[in-house]
Amino acid sequence: MSTAAPAAPPAATPPPAGLGTLIAPVRSRVVLAVLLQVVASVAAVVPFVAVAELGRALLADPVASARVWTVVAVGGLALVVRLAAMVAATGITHLADNDLGLSLRRALVDRLGRVPLGWFTERNSAAVRAAVGDDVSALHHLVGHSFTNIAAAVVTPLVSLGYLLWVDWRLAVITLGPALIGIAVYARLMAGARDHYESYNAAMGRVTAAAVEFVEGIAVVKSFGQAGRAHRRFLEAADAFADRFLAMVRTTFAGTVVMELLLSPSFMLIWTTAASTVFVAAGWIEPVDVLPFALLGVGLAAPLTALGYSVNDVRVARAAAGRVGGVLATPELPLNVHPREPAGTDVVFDAVTYSYGEESAAVQEVSFELRPGTVTALVGRSGSGKTTVARLLPRFFDPDAGSICIGGADIRSLTPDTLYRSVSFVFQDVRLQRATVAENIAFGRPDARREEIVQAARAARIDERIRALPKGYDAVVGVDVSFSGGEAQRLSIARCFLADAPVIVLDEATAFADPESEAAIQDALSTLAVGRTLLVIAHRLHTIERVDQILVLERGRIVERGTHEELLAAGGRYAQMRRGTASPAGAYPAETHPAEVSA
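Quick caveat: nothing in here was measured; it's all calculated off a predicted structure. (Residues numbered from 1 in each chain as written. Predicted model: local features only at pLDDT ≥ 70, side-chain atom pairs only at ≥ 80, totals over all residues. Heavy atoms only, no water.)

A. Expanded view of the pairing of strand β3 (residues 375-379). Counted residue by residue, β3 has 5 buried out of 5 residues, so it is predominantly covered. With burial as the criterion, each face of β3 is covered, one bearing Val375, Ala377 and Val379 and the other bearing Thr376 and Leu378. Two elements, β3 and strand β8 (residues 533-537), share 4 bridges in a ladder whose sense is parallel. The partner of Leu378 across the bridge, within β8, is Ile537. Both β3 and strand β9 (residues 549-554) contribute to a ladder of 4 bridges, which runs parallel. Counterpart to Val379 in the pairing with β9 is Val552. (Buried < 20%, exposed > 50% of the residue type's maximum accessible area, 1.4 Å probe, protein only. Helix = DSSP H or I, 4+ residues; strand = E, 2+ residues; numbered from the N terminus. Pairing = 2+ DSSP bridges.)

The structure is reproduced here in structure tokens:
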């Protein structure tokens, strides 16, 4: 028994990083870009001011030529400054966005590579894809466009308003009226729309998840004649999303129409012209003073519409940052600061208990030993804890109590590389990468020679199938070839041969195999078992008659152990299962997946 201390318990999980934390690495560049956009926005107003002042100069008597050319020069210089500042700001934000997207995706992949493997079994794949893809893209629009757009939407009307106040403060205040009303309407809309937006995002997430699950499982769904039911689930999610979207539209439609009308250039032109006409008729301003309001008053409200869209981008980015931060805050697999090396290949489970956060433990006080070179089978009804026990060994999860040791070293004291050099596993759901067949086989040993890869494939009874491909081992999975479930299992077994780990975990290895593939898999497994320690989840009891040890689990506990003959002679649960008379009573049903895993 090992006396090694397990890995220290993980520290308290920090709260997920917010938007400000995620964009902190590029904040200085964003600030610089915003300052440049401020310069560009001020410069954008200057040509309009120059035109208005040029009108004054040309209508003066006499015309001051020097002033006219000065105004023209200032207006032209402002155009050059605006262009240069805008180009610089856009370049800086997009380079910053590229760096941020790259660093976030690397950080996400790095974190996902260090979380417990069991974390992925509890998560929807669509949610992970959204965080790495869509949510990072939402931050792209924020950094690349929204901050500079907000700066332009704020600075441009402020500078314009300042000039108009200098021309005539009374007419400037009246000109500002529609914009102020539009802002008030928008603020009221946003005050009541937050809850709608949150439920909208949640409904969109459910639609995405339902679509991904439907597409990924379409083959299984159709083969069991359940396409209609699976399609209904997707339609229900889509209908719920449509209802939520329509509810949000109904609450914001009227206000949005009013706001868009008040802030439209055509309405502002009519409003400004009418107000200016009244002021000229009353003798409060000179006719030439109408020109600045006609040029700049129309543009007072337009940037505010862009501001509304940019604020919405910030809202979307904040929600996306929360999801990205949630993934980045996922607790990592705890590692021991003083890693050990196993002194052998014997495996010992000592009083292991584990629960999935439920009140009752999935595995309770489980103790057994896997001696080198032996085969141990786990049997029991569905829900008895077989898969949980098997997945604790390759450290999909860490036990709540007890220890699991390989060669006298607690697996929590091993580095991941050491652990996975010691333990390989073949599960029913085999994932092949979009890479060559050779690269898929060499996944655990990227430096393996081609001869070694071919030898492993030959031992796994998949070499002939590969050589029949036009590109052979260089065929790309998912592009040049698609493998059946049984063939994918044999590729997974080839990985185990090449990795040459002394301990193998097999979980429902023939679940998706046709009879021909099943026979090939059984042959491959028989070869794989030679000289290795195997832990097998078995469902067809006739395949485990010659194993060295059978462990019968019920409700997370080992209720019987021994050889096939010993357990038959005992006449207990195993004997009842063997005769097909085991009572189905209890909280878990009989097995519904007749998968066979043979030693």
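So, next bit.
B. Main features of the side chain of Asp463. Mapped onto the secondary structure, Asp463 falls in helix α16 (residues 463-467). A distance of 2.4 Å separates the side chain of Asp463 from the side chain of Tyr473, its partner in a polar contact. Beyond its immediate chain neighbours, meaning those up to four positions away, Asp463 contacts Val454, Ala457, Arg458 and Tyr473. (Polar contact = N/O pair within 3.5 Å; in protein donor to acceptor, adjacent residues only side chain to side chain. Contact = heavy atoms within 4.5 Å.)

C. Molecular detail of the environment of Ala33. Within the element layout of this structure, Ala33 appears in helix α2 (residues 27-59). Residues Ala33 and Phe147, 114 residues apart in the sequence, show an inter-C-alpha distance of 8.6 Å. Every residue in contact with Ala33, bar those within four places of it in the chain, is listed here: Ala89, Ile92, Thr93 and Thr148.

D. Fine view of the side chain of Gln37. For Gln37, the location among the structural elements is in helix α2. In contact with Gln37, not counting residues within four places along its chain, are Met86, Ala89, Thr148, Ala151 and Ala152.

E. Inspection of the sheet that holds strand β1 (residues 347-354) at higher detail. Pairing is antiparallel in the open sheet, where 4 strands are placed in the order β2-β1-β4-β5. Single-partner strands in this sheet number two, and they are β2 (363-370) and β5 (409-410). Inspection of the sheet shows β1 paired to strand β4 (residues 401-406) by 5 bridges, in the antiparallel sense. By the bridge assignment, Val347 is partnered in β4 with Ile406.

F. Local environment of the sheet that holds strand β6 (residues 423-426). Pairing is mixed in the open sheet, where 6 strands are placed in the order β6-β7-β8-β3-β9-β10. This sheet does not close on itself; its edge strands, each paired only once, are β6 and β10 (557-562). Direction aside, the axes of adjacent strands within the sheet are offset by 20 degrees on average. With 5 bridges joining them, strand β7 (residues 503-507) and β8 adopt parallel strand pairing. (Axes fitted to C-alpha atoms, helices over the stretch in contact; angles between N-to-C directions.)

G. Inspection of the pattern of salt bridges at higher detail. Using the criterion set out here, one finds 20 salt bridges in the structure. Salt-bridge contacts for Glu53 lead to Arg56; the nearest nitrogen and oxygen are separated by 3.4 Å. Linking Glu53 with Arg56, this pair stays in helix α2, spanning 3 residues, or about one helical turn. Classification of Glu53 as buried rests on a relative accessible area of 12%. When its relative accessible area of 24% is taken as the criterion, Arg56 is described as partly exposed. A salt bridge links Glu545 to Arg578; its shortest N-O distance comes to 2.2 Å. You can see Glu545 sitting in the loop between β8 and β9 and its partner Arg578 sitting in helix α20 (residues 573-579), a full 33 residues away along the chain. Judged by relative accessible area, which is 30%, Glu545 ranks as partly exposed. (Salt bridge = Lys/Arg side-chain N within 4 Å of Asp/Glu carboxyl O.)

H. Broad picture of the confidence of the model for the chain. Per-residue pLDDT for the chain averages 81, and the proportion of residues at 70 or more is 85%. Note on residues 1-12: pLDDT under 50 across the span, and 22 contacts to partners over four residues away in sequence or across chains. Taken as a whole, residues 581-599 scores under 50 in pLDDT and shows 59 contacts with residues more than four places along the chain or in a different chain. (pLDDT = per-residue confidence, 0-100.)

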